[in-house]
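# An overview of the molecular structure
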Amino acid sequence: MKREALRAGLAQLAARHLQRRRRTVTAIESDAGPAVVVDGRRLINFCGNDYLGLNSHPALTTALTRSAAIAGAGSGASHLITGHGLEHERLEAELAQFTGRARALLFSTGYMANLAAITCLAERDGRVVMDRLCHASLIDAARLSGAQLKRFAHADYVAAGVMFERGGTGADLLVSDGVFSMDGDLAPLPQLAQLAAANAACLIVDDAHGLGVMGPTGRGTLEHFQLDSAAVPILVGTLGKAFGCFGAFVAGDEDYIEWLLQTARSYIYTTALPQPVAAAARAALQVAVSEGWRRERVLQLAARLRRGATDAGITLLPSISPIQPVVLGSSARTLAVSEQLFAAGFWVAAIREPTVPKGSARLRITLCAAHSEAQVDALIEALVRALRDTSDAAA
Ligand SMILES: *Cc1c(COP(=O)(O)O)cnc(C)c1O
């Protein structure tokens, strides 16, 4: 792009209230709920993905520093050269066990895990059938795979079925998030599993927001629906959300995982995750299991927010997860409400296009096990005020 075009593009973004702005977090204050310091002010974080409040848990930070003393800060190379260490090996085994699968393969990020899962398993003469609201990394992966990408209306498994009607020649994939990241609802996984089976397609579920949180023991959306690895052969999970760390994995049977290890470019051609991070993730997995109250608590807080908001006349999207969005539609108003909340001490980011479809800008409120009931109630009050104050601004 030419410089003038960039400048015009940036000006356009600003004019349409779509310009993004980073805020620099200078400290976290985990003794006061999920609180962060920004510009010298303490804010209660209501838009992170650390649902279980594990980010600053002493078990994780201790594991991280202990491992750093042994393994160093960086891994020094990719997994297939010299970067694969004991902490990776153990974490993979524990993730396989946690998800009830034969194997798990670690990736540096969920973005890269999704690139691997889809590009390695799709065929050029096959189709990738995907929910319209799937995470951007899944869309990018499908595009990169060279297969035919077909996106169905959100959660509409009947529409998805129609996309399989005319037979392709190559292998087909059916792809969905488990919990949708910007909406908080659960995919109709039982129906999608049936559809995949009926069409000999491989079902891939990205459960970045369900793992650790959904299901009776936090094994995720598959556990919630009681679906096993026969129903969902490929499960993608991340370690940067409920597990409070960083990194990601793909879990599946021996053949699938060995194929990814041998062929995934986003696995082979990148530096391995630092071992201290893997050590912290192992600790997170243990705490998530041993402190099951965290999962129960964050879901109770989500229910409390729903009750309180509904009583106050605020409509939330239907969701039983810790993701509780308020859709306002207009980017300008969403930004104004977010800024007013910020001034009141609450951090709730304004989510706008292209992260969500045009005209559906929203406040994506998320709960964390470390929130107090009083913080949730105070957020509702501040939200009522901010919505009232902005009601005639920018429609
Ligand atoms: C966050 C997210 C990812 C990406 O994971 P990273 O580890 O942050 O790269 C992938 N899929 C979904 C659904 C996500 O929400």
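So, how was this worked out
Residues numbered from 1 in each chain as written. Predicted model: local features only at pLDDT ≥ 70, side-chain atom pairs only at ≥ 80, totals over all residues. Heavy atoms only, no water. Core = buried A, V, L, I, M, F, W, Y, C linked by side-chain atoms within 4.5 Å. Buried < 20%, exposed > 50% of the residue type's maximum accessible area, 1.4 Å probe, protein only. Helix = DSSP H or I, 4+ residues; strand = E, 2+ residues; numbered from the N terminus. Domains from an automatic or database assignment. Contact = heavy atoms within 4.5 Å. Pairing = 2+ DSSP bridges. Axes fitted to C-alpha atoms, helices over the stretch in contact; angles between N-to-C directions. Buried area = accessible area lost by both parts, 1.4 Å probe. Salt bridge = Lys/Arg side-chain N within 4 Å of Asp/Glu carboxyl O. Polar contact = N/O pair within 3.5 Å; in protein donor to acceptor, adjacent residues only side chain to side chain. Nonpolar A, V, L, I, M, F, W, Y, C, P; charged D, E, K, R; others polar.

### Things to note about the nonpolar core
Membership of the largest hydrophobic core comes to 60 residues, with the highest contact counts inside it found for Phe46, Leu341 and Leu383. Residue contributions to this core peak at ten residues, all from helix 12 (residues 275-290). When we break this core down by domain, the ones giving at least three residues each are domain 1 (24-51 + 292-394) and domain 2 (58-290). In this structure, phenylalanine 46 is in contact with Phe346, Trp347, Val348, Arg364, Ile365, Thr366, Leu367, His371, Gln375, Val376 and Leu379, ignoring residues within four places of it in sequence. Listed in part, the 33 residues of the second largest apolar core include Leu105, Cys134, Leu260 and Tyr267.

### Section: the sheet that holds strand 6 (residues 148-152)
Read across the open sheet, the seven strands follow the order 4-10-9-8-7-5-6; overall the sheet is mixed. Because the sheet does not close on itself, it has two edges, and the strands there are strand 4 (103-107) and strand 6. The sheet shows a mean angle of 20 degrees between the axes of neighbouring strands, taken without regard to direction. As defined by bridge partners, strand 7 (residues 173-177) adjoins strand 8 (residues 202-206) across five bridges and the pair is classed as parallel. Across the sheet, leucine 173 pairs through a bridge with cysteine 202, a residue of strand 8. This element, helix 4 (residues 86-99), spans strand 4, strand 9 (234-238) and strand 10 (248-252) of the sheet and lies at about 130 degrees to strand 4. In the packing of helix 10 (residues 254-263) onto the sheet, contacts are made with strand 4, strand 8, strand 9 and strand 10, and the angle to strand 4 comes to roughly 25 degrees.

### Looking at the domain arrangement of the protein
As assigned here, the protein comprises domain 1 (24-51 + 292-394) and domain 2 (58-290). Each of domain 1 and domain 2 has a C-alpha centre, and the two are 27 Å apart. Domain 1 puts 21 residues into the contact, and the matching count from domain 2 is 25 residues. Of the roughly 1,500 Å² buried where domain 1 meets domain 2, counting both sides, 62% is carbon and sulfur surface. Counting every contact that joins domain 1 to domain 2 gives one salt bridge. A salt bridge links aspartate 183 to arginine 362; its shortest N-O distance comes to 3.1 Å. The interface formed by domain 1 and domain 2 holds nine residue pairs in polar contact (both at pLDDT 80 or more) in total. For the side of domain 1 that touches domain 2, the element with the most residues is helix 13 (residues 293-311), which contributes three residues. Classifying every residue of the side of domain 1 that touches domain 2 gives eleven nonpolar, five polar and five charged.

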